[in-house]
Amino acid sequence: MTDQERELLRRHQDVLAREAGSRGRERARWAEKRKEIEQAQDALLRERGRLYLVRSSKTAAKVPLVKNMLWAFGVGGVICSVGQGFVFLFQRFGLALKDASAASTCVLIAIGAFLTGLGVYDDIGKRAGAGSIVPVTGFSNSISSAALEFKREGFLYGVGAKIFTVAGPVILYGVAVSIVVGLVDLLF
Amino acid sequence: MMLLKAFLLGGLICLAAQLCMDLTPFQVTPAHVLVGMVALGAVLSGLGLYQPLLDWGGSGASVPLSGFGHVMAQGAIEGAREDGLMGALRGGLTAGAAGISAALLTGFCASVFFKPKG
């Protein structure tokens, strides 16, 4: 607390006591004075909040930007290459490109859930950031980690409900945007 | 060659998302990123801009979650052309059903067979 704040607090208490001890117009005058002091206190607090924001945004700017970028690029790229590898594999088994791509996505989803269960995926995610979130394995990770985390709350209200913590918004907005896109395509 | 292209495109998409997380003043959580990617993919797909990416980068465009948005948007467009309004309502989820179901099933299995850490 700064000297200025201490002084304001002292005056505030003083005025409060006088307000409580007076009647009628005298009391209204003290109440007005009290409000003035309170406004000054609020202004100081706001100022301090702004200072805090400035300071925290300065420290936030110290994130290792280049390192994060390289990790995201590398891990994201590797996951996509693995997906491409599965596409080639399924195509060799005679699937059409579209089906091979869908099957490869499902395999990646399964791998993501498995690695999440082992606790490996979260370790990757600490370094890779968006590189582990954006690929479909990250979607799978968000679902299975929520399910795993809330297992102790039971399979109905724990796993059953919380499995949609992140999947719910993704499905909701995916469906919403896709309906709009479909309708726009229909109209124009 | 296709593997390299997938690596480059997928890596670039993830890098762009990472920049959004680091350079914006907001607290961008993974949920924001996932929802943003799906919506972005669906919009780009509706504008016809996502298919070229898929043709060039293969899995580099289909594995990021924007590819999921693309699949849903294409499903909705296809449905709308076949059945009009009902098709538009049905198409998105139908196209995305395999992915959603696989993720739910494997997530559920993970919660059954593994113990949460800590």
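Residues numbered from 1 in each chain as written. Chains lettered and ligands numbered in written order. Predicted model: local features only at pLDDT ≥ 70, side-chain atom pairs only at ≥ 80, totals over all residues.

Draft legend 1. Representation of the overall build of chain A. Of the regular secondary structure elements, chain A holds 9 helices and 0 strands. The order of helices and strands in chain A, counted from the N terminus, is α-α-α-α-α-α-α-α-α. For 188 residues, the compact-globule estimate of 2.2 N^0.38 gives 16 Å, and the C-alpha radius of gyration of chain A, at 29 Å, exceeds that figure by more than 25%. Overall, chain A is about 90 × 45 × 40 Å in size when its C-alpha atoms are taken along their principal axes. Counting every position in chain A, which comprises 188 residues, the buried fraction comes to 36%. (Helix = DSSP H or I, 4+ residues; strand = E, 2+ residues; numbered from the N terminus. Rg over C-alpha atoms; globule rule 2.2 N^0.38 Å. Buried ≥ 20, exposed ≤ 12 C-beta atoms within 10 Å, placed from the backbone.)

Draft legend 2. Broad picture of the overall build of chain B. Counting secondary structure elements, chain B contains 6 helices and 0 strands. Principal-axis analysis of the C-alpha atoms places the extent of chain B at approximately 50 × 35 × 35 Å. In chain B, which comprises 118 residues, the proportion classed as buried is 53%. Put simply, 62% of the contacts in chain B that link residues at least 6 apart link residues at least 24 apart. (Contact = placed C-beta atoms within 7 Å.)

Draft legend 3. Geometry of the nonpolar core. One finds A:Ala72, A:Val134, A:Ile143, B:Leu34 and B:Val38 to be the most contacted residues of the largest nonpolar core, which totals 71 residues. It is helix 3 (residues 65-92) of chain A that provides the largest number of residues to this core, a total of 10 residues. Leave out the neighbours within four places in its chain, and A:Val134 touches A:Gly76, B:Ile13, B:Cys14, B:Ala17, B:Val33, B:Met37, B:Pro64 and B:Leu65. (Core = buried A, V, L, I, M, F, W, Y, C linked by C-beta atoms within 7 Å.)

Draft legend 4. Region of interest: the interface of chain A and chain B. Residue-level contacts link 67 residues of chain A with 68 residues of chain B. Secondary-structure elements contributing two or more residues to the side of chain A that touches chain B are helix 3, helix 4 (97-118), helix 6 (130-133), helix 7 (136-149) and helix 9 (164-187) of chain A. Class assignment of the residues belonging to the side of chain A that touches chain B gives a composition of 40 nonpolar, 24 polar and 3 charged. (Nonpolar A, V, L, I, M, F, W, Y, C, P; charged D, E, K, R; others polar.)

Draft legend 5. Just the confidence of the model for chain B, in detail. This prediction gives chain B a mean pLDDT of 93; 99% of its residues lie at or above 70. Among the scores for the predicted complex, ipTM is 0.93 and pTM is 0.78. (pLDDT = per-residue confidence, 0-100.)

Draft legend 6. Expanded view of helix 4 of chain A. Across its 22 residues, helix 4 of chain A extends 31 Å between first and last C-alpha, which sits within 8% of the 32 Å expected from 1.5 Å per residue. Within helix 4 of chain A, burial applies to A:Ala100, A:Ser101, A:Ala102, A:Ser104, A:Thr105, A:Leu108, A:Ile109, A:Gly112, A:Ala113, A:Leu115, A:Thr116 and A:Gly117. Where helix 4 of chain A is buried, its residues touch helix 3, helix 5 (120-128) and helix 7 of chain A together with helix 4 (59-62) and helix 6 (85-113) of chain B. In the stretch just after helix 4 of chain A, A:Gly119 is the one whose phi turns positive, near 85°. (Expected span 1.5 Å × (residues − 1).)

Draft legend 7. How the structure looks around the packing of helix 7 of chain A against helix 6 of chain B. Packing of helix 7 of chain A against helix 6 of chain B leaves a shortest axis separation of 8 Å and a crossing angle of 40°. The pairing of helix 7 of chain A with helix 6 of chain B is recorded here as oblique in orientation. Judged by the twist between their axes, the crossing of helix 7 of chain A over helix 6 of chain B is right-handed. Counted together, A:Val136, A:Phe139, A:Ser140, A:Ile143, A:Ser144, A:Ala147 and A:Leu148 of helix 7 of chain A and B:Gly99, B:Ala103, B:Leu104, B:Thr106, B:Gly107, B:Phe108, B:Ala110 and B:Ser111 of helix 6 of chain B form the full contact between these two elements. (Axes fitted to C-alpha atoms, helices over the stretch in contact; angles between N-to-C directions. Parallel < 35°, antiparallel > 145°, perpendicular 65-115°, else oblique. Left-handed = near helix turned anticlockwise from the far one by under 90°.)

Draft legend 8. Molecular detail of the environment of B:Leu54. All names here are of chain B. As for its placement among the helices and strands, leucine 54 is situated in helix 3 (residues 50-57). For leucine 54, a count of 19 C-beta atoms within 10 Å translates into the label partly exposed. Expressed as a C-alpha distance, the spacing of leucine 54 and alanine 42, which sit 12 residues apart in the sequence, is 13 Å. Discounting residues that sit within four places of it in the chain, leucine 54 has contacts with Ala61 and Ser62.

Draft legend 9. Focus on helix 7 of chain A. In this model helix 7 of chain A runs 20 Å from its N-terminal to its C-terminal C-alpha over 14 residues, within 8% of the 20 Å that 1.5 Å per residue would give. Of all 14 residues making up helix 7 of chain A, 13 are buried, and the element is well covered by its neighbours.

Draft legend 10. Region of the structure containing the domain arrangement of chain A. Segmenting chain A into domains produces domain 1 (3-60) and domain 2 (65-187). Each of domain 1 of chain A and domain 2 of chain A has a C-alpha centre, and these two points are 51 Å apart. (Domains from an automatic or database assignment.)

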